[in-house]
Amino acid sequence: VQLQASGGGLVQAGGSLRLSCAASGRTFSSYAVGWFRQAPGKEREFVAGITRGGGSTRYADSVQGRFTIARDNDKNTVYLQMNSLKPEDTAVYYCAANLKLVPRTTAYEYDYWGQGTQVTVSS
């Protein structure tokens, strides 16, 4: 599967953005998908994940209650709605996929990665 992330941009603190992860291939519904982010000088960290059918999600504590992950398998797309953005959310955001039953929180467990989209939150 090939992934392409989009939707990043510059937003003021407290604002919102919606990221999209578009996938190629007819078996997208077989993949769990995760969003990760990486700020300059920091390790890539898990943000949110969703199961194959979209029935279960998980979030990093730092974004719980502010971010929402969802998917539309008919459109081969996973979304990350980000509200109440903070300057510390500034990072390159990546989507990733694997064939696990549940979304994992470590980057090495994902086999396929999108190219990343920059999110910058100004104070």
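Predicted model, so just to flag it, every value in this text is computed and none were measured.

Cut-offs applied
Residues numbered from 1 in each chain as written. Predicted model: local features only at pLDDT ≥ 70, side-chain atom pairs only at ≥ 80, totals over all residues. Heavy atoms only, no water. Salt bridge = Lys/Arg side-chain N within 4 Å of Asp/Glu carboxyl O. Buried < 20%, exposed > 50% of the residue type's maximum accessible area, 1.4 Å probe, protein only. Helix = DSSP H or I, 4+ residues; strand = E, 2+ residues; numbered from the N terminus. Pairing = 2+ DSSP bridges.

A few words now on the pattern of salt bridges. Tallied over the entire structure, the rule returns 4 salt bridges. The shortest N-O distance in the salt bridge between glutamate 45 and arginine 37 comes to 2.6 Å. For arginine 37, a relative accessible area of 6% gives the class buried. For aspartate 89, the salt bridge is made with arginine 66, and the minimal N-O distance between the two is 2.8 Å. Residue aspartate 89 is located in the loop between strand 8 (77-82) and strand 9 (91-98), and its partner arginine 66 is located in the loop between strand 6 (57-59) and strand 7 (67-72); the two are separated by 23 residues in the primary sequence. Each member of the pair, aspartate 89 as well as arginine 66, carries the same accessibility label: buried. Each of the salt bridges in this network shares a partner with another, and the network as a whole consists of Arg37, Glu45, Arg66 and Asp89.

With that out of the way, let us pick up the pairing of strand 4 (residues 32-38). For strand 4, the buried fraction is high: 6 of the 7 residues fall into the buried class. Joining the antiparallel neighbours strand 4 and strand 5 (residues 45-50) is a turn of 6 residues, in which glycine 41 adopts a positive phi near 80 degrees.

Note that all results are geometric; they support no functional claim without further evidence.
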